[in-house]
Amino acid sequence: MPRPTGNVRLKAARVAAGFNSQQNLADALTEAAQQLGLRGLSIGVRQVRRWESESPPWPQPDCQRVLVHLLGQSVESLGFTPPWGSDGTHPDRMRRTLVTGGAAAVGLAFVPGRAAATTQPASAGVDFEAVTRSHRRLYWSVSPDKLHPAVTAHAALGCALLSETSGSTRRTVAAALAESYLLAGRIEFFDRREPSTANDTLLLALQAAGEADDPLLGSAVIAHMAFIPGWVGDSDAALERMVAARTYARRAPASAEFLAWLDAVEAECETRCGNTRTALHLIGHAEDVITTGNEYASPEWMDWFSPARLAAFKGNTQLIAGHLPQARETLLRVLDEMPVSEDKQRTVVYGDLAAVEAASGKPGQACEYVGRALDQLALTWYATGMDRVREVRRALAPHQHEPCVRDLDDRIYGWSTTLSALSR
């Protein structure tokens, strides 16, 4: 007689509860979700089939809640293994589990952690959080190739700690873990130009934010995920993620600055999709939101946005819209207002100013700004800044025989710059 295959625990629980088919269970789970107030949650037979497979993906927290409610057993008793594992499973395995499980669906809620064999003291959460905070500050000065391995190793420790902590300590670890994965995802997307890897990492950040029951952090993660389709012109996918990000933000006391940043993210996605009029409207709304303000403070981890950054978004959109005088004025003001510490963003602004001058038929001024960007990139590498340099060089093709452009080529294709660009 052949041995039963797949997740026999879930199948047995399904049959014992009176659901003779996977479709019956899917329908009952969707109905239970409505009863629990999870009106946006719909579970199909395909999802149940995956849960009953040989390698069932770890269910999303909302799905966990419905499964436990309907079948009366814990998630582990139903044959599921947590992605972090009781033995501190390596994050690569955690990544595979989440991605295989279709974790792109957003809708996380807090699910209390199970009791662990080893219990860490309350100080473990504070100590883990302190290292996360240090990595966040180091991002602005340390090479991404040096910082990224440290951040991912720290996240692996956080995965192990999740199974050894409970209560408020566990939530502290989960929130810091979400921040660590968010930082890793930012490095992968903005600094290393690895959008697929960044998407997987941000899924882990979202899962951890759900375990921490931190909707504002979840909103930040989802908004970062909107950049990925937005930058390749997939407007529908970017907008869907922004709707989710705004939904999560409504569940928390979001600062005016945070709400303005959501507008700025959506504006950049719209700009990349060719919708500059919509983008400028969003930026105008963000400026109004910041001017009006509200009573809430921004979270400590939100160190990537400011009024100067919003103006930089605006200048880039004005440039792409062809409003060159306005773009030049905006970007020059950004340079005056930008703090000295924002080296990475400064390369992007130099690149945009160079693009303004190239579009205005002023190759000499364009080359001067590109030179400043290259000076900054030599100190602090930033893939997004180098992308701007390449875009300007392509725009200067009609002037490629002029001495200033040839001199620029000598810099762009110097040994150190070429090696830095090609090695990433």
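Because the structure is predicted, anything quoted here is derived from the model rather than measured. (Residues numbered from 1 in each chain as written. Predicted model: local features only at pLDDT ≥ 70, side-chain atom pairs only at ≥ 80, totals over all residues. Heavy atoms only, no water.)

Turning our eyes to something else, we now look at empty space enclosed by the protein. Sizing a probe to match a water molecule and rolling it over the atoms shows the empty space that remains. Within this structure, the stated rule accounts for four cavities of 30 Å³ or more. Considered as a void within the structure, the largest cavity measures approximately 340 Å³ in volume. Forming the boundary of the largest cavity are 23 residues, of which Glu 268, Arg 309, Phe 313, Gln 345 and Tyr 382 lie nearest the centre. Those elements that provide at least two residues to the lining of the largest cavity are helix H8 (167-191), helix H10 (215-230), helix H12 (256-272), helix H14 (307-321), helix H16 (343-359) and helix H18 (383-395). In terms of residue count, H16 provides more of the lining of the largest cavity than any other element does, five residues in total. In the lining of the largest cavity, the residues fall into 12 nonpolar, four polar and seven charged. One number sums up the size of the second largest cavity: a volume of about 130 Å³. Contributing to the lining of the second largest cavity are 13 residues, with Arg 136, Glu 179, Leu 183, Trp 301 and Trp 304 lying nearest its centre. Contributing elements (two or more residues each) for the lining of the second largest cavity: helix H6 (123-138) and H8. Per-element tally for the lining of the second largest cavity: the top contributor is H8, with five residues. Taken together, the residues of the lining of the second largest cavity sort by class into six nonpolar, three polar and four charged. (1 Å grid on protein atoms, 1.4 Å probe; cavity = no way out; pocket = protein on both sides within 12 Å on 5 of 7 lines; lining within 4 Å. Points joined across faces, edges and corners; volume = space filled by probe spheres on them. Helix = DSSP H or I, 4+ residues; strand = E, 2+ residues; numbered from the N terminus. Nonpolar A, V, L, I, M, F, W, Y, C, P; charged D, E, K, R; others polar.)

Okay, the environment of Lys 344 next. Topologically, Lys 344 is positioned in helix H16. Accessibility expressed as a relative area gives 1% for Lys 344, which makes it buried. Taking the C-alpha atoms as reference points, Lys 344 and Gln 376, separated by 32 residues in sequence, lie 7.8 Å from one another. With sequence-adjacent residues up to four places away left out, Lys 344 is seen in contact with Tyr 139, Asp 191, Thr 380, Trp 381 and Tyr 382. (Buried < 20%, exposed > 50% of the residue type's maximum accessible area, 1.4 Å probe, protein only. Contact = heavy atoms within 4.5 Å.)

Evaluated as defined, the whole model comprises 12 aromatic pairs. Here the aromatic rings of Phe 190 and Trp 231 are separated by 5.9 Å at their centres, their planes lie at 75°, and the arrangement is edge-to-face. In this pair, Phe 190 is assigned in helix H8 and Trp 231 in the loop between H10 and helix H11 (235-250), connecting sequence segments 41 residues apart. Across the pair, Trp 231 and Phe 190 agree in class, each one buried. Of the residues examined, Trp 231 reaches a relative accessible area of 15% and is grouped as buried. An aromatic cluster is defined as three or more aromatic residues linked by ring pairs; in this entry it consists of Phe 189, Phe 190, Phe 227 and Trp 231. Against the face of Phe 189 rests Arg 193, its NZ or CZ located 5.6 Å from the ring centre. The ring centre of Tyr 139 lies 3.4 Å from the NZ or CZ of Lys 344, which sits over that ring. (Phe/Tyr/Trp six-rings, centres within 6.5 Å; stacked < 30°, edge-to-face > 60°. Lys NZ or Arg CZ within 6 Å of the ring centre and 35° of its normal.)

Here we come to the packing of H8 against H10. Working note: a packed helix pair is described by the angle between its axes plus the distance between those axes. Contact geometry of H8 with H10 gives a least axis separation of 11 Å together with a crossing angle of 15°. In this view, H8 runs roughly parallel relative to H10, as classed from their interaxial angle. As for the relative orientation of H8 and H10, their crossing is left-handed in sense. Judged by residue contacts, Ala 175, Ala 178, Glu 179, Leu 182, Arg 186, Phe 189 and Phe 190 of H8 engage Leu 217, Val 221, His 224, Phe 227 and Ile 228 from H10. (Axes fitted to C-alpha atoms, helices over the stretch in contact; angles between N-to-C directions. Parallel < 35°, antiparallel > 145°, perpendicular 65-115°, else oblique. Left-handed = near helix turned anticlockwise from the far one by under 90°.)

This next bit is on the nonpolar core. When a protein is soluble and globular, its nonpolar side chains tend to lie buried together. Formed by 103 residues in total, the largest nonpolar core has its most connected members in Phe 258, Trp 261, Trp 304 and Phe 305. If you tally residues by element for this core, the top one is H8, at 13 residues. Leave out the neighbours within four places in its chain, and Trp 304 touches Trp 140, Leu 182, Arg 186, Ala 220, His 224, Trp 261 and Arg 309. Ranked by size, the runner-up nonpolar core spans 22 residues in total, among them Ala 26, Leu 41, Val 48 and Cys 63. (Core = buried A, V, L, I, M, F, W, Y, C linked by side-chain atoms within 4.5 Å.)

With 88% of its residues at a pLDDT of 70 or more, the protein shows a mean pLDDT of 86. Contacts for the low-pLDDT stretch residues 85-117, under 50 throughout, to residues beyond four places or in other chains number 71 contacts. (pLDDT = per-residue confidence, 0-100.)

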